Amino acid sequence: MGTSCVLNPSLTKRPFAGVGRKFEAGMLSRVFLLIHPAGKELYDLFEDLRDGHNLISLLEVLSNEILPREKGSMRFHMLQNVQIALNFLRFRKIKLVNIRAEDIVDGNPKLTLGLIWTIILHFQVSDHILLEQKSLICYSR
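Reading the values: rules and limits
Residues numbered from 1 in each chain as written. Predicted model: local features only at pLDDT ≥ 70, side-chain atom pairs only at ≥ 80, totals over all residues. Heavy atoms only, no water. Helix = DSSP H or I, 4+ residues; strand = E, 2+ residues; numbered from the N terminus. Buried < 20%, exposed > 50% of the residue type's maximum accessible area, 1.4 Å probe, protein only. Contact = heavy atoms within 4.5 Å. Areas by Shrake-Rupley, 256 points an atom, 1.4 Å probe, with all protein chains shown as cover. Expected span 1.5 Å × (residues − 1). Core = buried A, V, L, I, M, F, W, Y, C linked by side-chain atoms within 4.5 Å. Polar contact = N/O pair within 3.5 Å; in protein donor to acceptor, adjacent residues only side chain to side chain. Axes fitted to C-alpha atoms, helices over the stretch in contact; angles between N-to-C directions. Parallel < 35°, antiparallel > 145°, perpendicular 65-115°, else oblique. Left-handed = near helix turned anticlockwise from the far one by under 90°.

Caption draft 1: Representation of the overall build of the protein chain within the structure. Within the protein chain, the secondary structure is distributed over seven helices and zero strands. The secondary structure elements of the protein chain, listed N-terminal to C-terminal, are α-α-α-α-α-α-α. For the protein chain, buried positions account for 37% of its 141 residues. Considering only intrachain contacts with a sequence separation of at least 6, the fraction spanning at least 24 residues in the protein chain is 57%. As displayed, the protein chain offers around 8800 Å² of accessible surface, 56% of which is attributable to carbon and sulfur atoms.

Caption draft 2: Structural context of helix α5 (residues 75–91). Taking 1.5 Å per residue as the helical rise, α5 with its 17 residues ought to reach 24 Å, and the 24 Å between its terminal C-alpha atoms agrees with that figure. When α5 is considered as a whole, its buried residues turn out to be H77, L79, N81, V82, I84, A85, L86, F88 and L89. Count one or two residues on from α5 and you reach K93, which has phi positive near 65 degrees.

Caption draft 3: Main features of the environment of H77. Relative to the helices and strands, H77 resides in helix α5. The sequence separation of H77 and H53 amounts to 24 residues, and the corresponding C-alpha distance is 9.9 Å. Setting aside anything within four residues of it in sequence, one finds H77 in contact with D51, E70 and G72.

Caption draft 4: Broad picture of the nonpolar core. Counting residues in hydrophobic clusters, the biggest one holds 27 residues, and the most contacted among them are L55, L59, L89, L115 and I119. For this core, the secondary-structure elements that each account for two or more residues are α3 (45–48), α4 (53–63), α5, α6 (101–105) and α7 (109–140). In contact with L115, not counting residues within four places along its chain, are L55, L86, L89, L96, I99 and I104.

Caption draft 5: Quick peek at the side chain of E60. Here E60 lies in helix α4. In this structure the side chain of E60 is engaged in a polar contact, spanning 3.0 Å, whose partner is the backbone nitrogen of L67. Other than its neighbours up to four places away in sequence, E60 contacts E65, I66, L67 and R69.

Caption draft 6: Here's a closer look at the packing of α4 against α5. Direction vectors running N to C along α4 and α5 enclose 30 degrees, while the axes themselves pass 8 Å from each other. It follows from the interaxial angle that α4 and α5 lie roughly parallel. Seen along the crossing, α4 lies across α5 with a hand that is left-handed. On α5, the residues touching H53, L55, I56, L59 and S63 of α4 are N81, V82, I84, A85, F88 and L89.

Caption draft 7: Expanded view of the side chain of S63. The topology assignment puts S63 in helix α4. By relative accessible area, which is 13% here, S63 ends up buried. Within the local environment of S63, its side chain forms a polar contact with the backbone oxygen of L59, the two atoms lying 2.6 Å apart.

This is the structure in structure tokens:
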């Protein structure tokens, strides 16, 4: 099996239509590439985040923390894994509105995209804050 991150061609041709928010293929590609260093290959965002493993892997890569996970493949395990990810985000004070573990496990496109968008925005803003703090410290010296 190759080490490249493979995307479903239907996901890269155009923004997602009919889900309320345009989520462009470039942003989607970045999400896939963030998970890829953890050894994950994704083909369909809605399907591949359902078990919670890839969602936890994404959060581990972004936060440099290791999160617990359930190893089974039954719905209960999927719900537990997604709930672990959601609890981690809430612990980090990331506001999640009307996103439940069941929604992600069921593959709800709007809520899955909303969750990924929230994660991207939070960690993008966090990176900018850290850079600003470092530049202020360097400037004050």
